[in-house]
Amino acid sequence: MKHNIIEDLRRRFHGKIGIRWGIFAGFAFFTVVIIILLWVFQIALLESFYRSIKIEEIQTTGQSLVEQMEQNNMNIFEIEEVITQEAEDKQLSILLSDSSGQWAVLKKSTPDSFLERLTWIERAQIYMETEAAGGEYLYAGDRDNGQPDNLLYVLTFTAQEGQDRMLILNTSLTPVESTVETLKIQLSYLTVVMILLALLLALFIARRISEPIRQINESAKTLATGEYAIEFQDRGFREIAELGATLQYAAGELSKVEQLRRDLIANVSHDLRTPLTMIAGYSEVMRDIPGENTPENVQIIIDETNRLTTLVNDMLDLSKLQAGAIPLEPSVFNLTESIREIMARYDKMADFHFTFEAKEEVFVNADELKISQVVYNLVNNAINYTGADKTVRVRQRATDKAVRVEVIDSGEGIEPDKLRDIWERYYKVDKSHKRAQVGSGLGLSIVKSILELHGGLYGVQSQVGKGSVFWFELERCYPKQEEKAPGRLPGRAGKREPGS
């Protein structure tokens, strides 16, 4: 069965890539993309970016200077100061002249500037060509005899005083071939190093993330086969560690459920088999043996039938209570008097001694029938497990706000590690299946469900060898106040820890 489930899962997801290789492939792909982008931008597009940046810089500078001279009435000294500042800051050669080219202001960034060699006739010709082009002209000259490209930007405008002017900006485009070759060598080494580091890092990260998940996956497969004694690793990143811890907790709870299921089968089988055997046995005796059809034998059959009915009814009641299918019918009643009447019925059992301690009459607002069921089940439980003195004590303690009812036995007590589980369905501290004198074995689960519906508190205190004290608490009310404001008490749902 285990082999079939695991093999079926493997066949079902056979075509899917594992998380380790998925992370590795993703990281490797990302690294390749980064390397390609580095080569494209640093090698293939370096010259284009460089030329674009230089062109944008010279155009922005030229337009800024023209805007200042068009809007401000600047004298020759102010104009020279502004042009000088821009030429030094941007490493440009700047020439300002009139439309005839005869008057000019020149600031150069290199000793041998192209603008310095222009005659006034060439300047006038450039002015006319720029005007014909719309007042703006950009020229990026080809290399001549190994010289750098010559970038020329010309603007024509009318100054503040109404004179036509021409502004020429010039710079050199430095060759980038040597830079590109240097970058190629660097990127070649960098590519090798990045690929190696990326592969190692991808393997490390993939293993760090995937290995705990893989182990959790394998453990989960084992868990799916019904083997609950499995250990989930809680290491790795936080989310993975939390997943492992959660699955470990789930496995423990499933193990408890499985144990409870087995106990249920064993308990119910035993509890049903005993009365059925008695009924069948006495019925056969009455049928086959003359004179055995006596009232005593008939009563035994009736008693065992009642036991079966009680067991089945308790199982149905528990299921309905836990499903919330049984509504509460709260009313104000005297809890002290109700317990006193219940204990009076138990006094008829000759083999046991019962006591009830109460200092005052206490009223509560609750479902009287179900609270009496709680008391019956707790007393029945005490009867089953009390000591040799066969004494069961019921004690009522009251405060201004609440009342606490304690059922005390003198039995063997319950071990501390079993206290939390005794409220669960079908859980038995004693696995020997000794026949209970009273009850069905589901009493404590019914107690728990009823008290939680009422919003009451409950718990147990026990010492091995000294007996146990089962208790519950309900909110107290007073008849006169309750007549004015009838209804269910405010909920105080919760279960105190055992021994609290």
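Quick note: structure is the one above.
Just so it is clear, the structure is predicted and the values come from calculations on it, not from any experiment.

*Asks:* What exactly am I supposed to notice about the overall build of the protein here?
*Replies:* Within the protein one finds 12 helices and 12 strands. Taking the contacts inside the protein whose residues are at least 6 apart along the sequence as the reference set, 67% of them involve residues at least 24 apart. Per element, the accessible surface of the protein, about 29100 Å² overall, is 55% carbon and sulfur.

*Asks:* Can you help me understand the packing of helix α10 (residues 368-385) against helix α11 (residues 443-454) in this one?
*Replies:* Each pair of packed helices can be described by the angle between their axes along with the distance between the axes. Across the interface, α10 lies against α11 with an axial gap of 9 Å and an inter-helix angle of 150 degrees. The angle between α10 and α11 places the two elements in the roughly antiparallel class. Along this stretch, α10 crosses α11, giving a crossing that reads as left-handed. Of α11, the residues touching α10 (which contributes Lys370, Ile371, Gln373, Val374, Asn377, Leu378 and Asn381) are Gly443, Leu444, Ile446, Val447, Ile450, Leu451 and His454. Grouping the amino acids of the contact of α10 with α11 by side-chain chemistry returns 8 nonpolar, 5 polar and 1 charged.

*Asks:* For this particular structure, what's the right way to read the environment of Ser410?
*Replies:* Assignment of secondary structure puts Ser410 in the loop between β10 (402-409) and α11. Along the chain, Ser410 and Gly465 lie 55 residues apart, while their C-alpha atoms are 8.2 Å from each other. Within polar-contact distance, the side chain of Ser410 engages the side chain of Asp389 at 2.6 Å.

*Asks:* Please clarify how the sheet that holds strand β4 (residues 149-158) should be interpreted in this entry.
*Replies:* Backbone-to-backbone hydrogen bonds join strands into a sheet, with any given pair of strands oriented parallel or antiparallel. Strand order across the open sheet formed by 5 strands is β2-β1-β5-β4-β3, with antiparallel pairing between neighbours. The open sheet has two edge strands with one neighbour each: β2 (104-107) and β3 (136-140). Strand-to-strand twist of the sheet, defined as the mean angle between neighbouring strand axes without regard to direction, takes the value 10 degrees. Bridge count between β4 and strand β5 (residues 164-173): 10 bridges; the pairing is antiparallel. Counterpart to Thr156 in the pairing with β5 is Met166.

*Asks:* For this particular structure, what's the right way to read helix α6 (residues 177-224)?
*Replies:* Each full turn of the α-helix corresponds to 3.6 residues, which orients residues three or four apart in the same direction. End to end, α6 covers 66 Å across 48 residues, agreeing with the expected 70 Å (1.5 Å per residue, within 8%). Along its length, α6 shows its largest kink, about 30 degrees, at Ser210, and proline Pro212 lies within four residues downstream of that point. A positive phi of about 100 degrees marks Gly226, the residue just after α6.

Analysis parameters
- Residues numbered from 1 in each chain as written.
- Predicted model: local features only at pLDDT ≥ 70, side-chain atom pairs only at ≥ 80, totals over all residues.
- Heavy atoms only, no water.
- Helix = DSSP H or I, 4+ residues; strand = E, 2+ residues; numbered from the N terminus.
- Contact = heavy atoms within 4.5 Å.
- Areas by Shrake-Rupley, 256 points an atom, 1.4 Å probe, with all protein chains shown as cover.
- Axes fitted to C-alpha atoms, helices over the stretch in contact; angles between N-to-C directions.
- Parallel < 35°, antiparallel > 145°, perpendicular 65-115°, else oblique.
- Left-handed = near helix turned anticlockwise from the far one by under 90°.
- Nonpolar A, V, L, I, M, F, W, Y, C, P; charged D, E, K, R; others polar.
- Polar contact = N/O pair within 3.5 Å; in protein donor to acceptor, adjacent residues only side chain to side chain.
- Pairing = 2+ DSSP bridges.
- Expected span 1.5 Å × (residues − 1).
- Bend = angle between axes of the 7 residues up to and from the residue.

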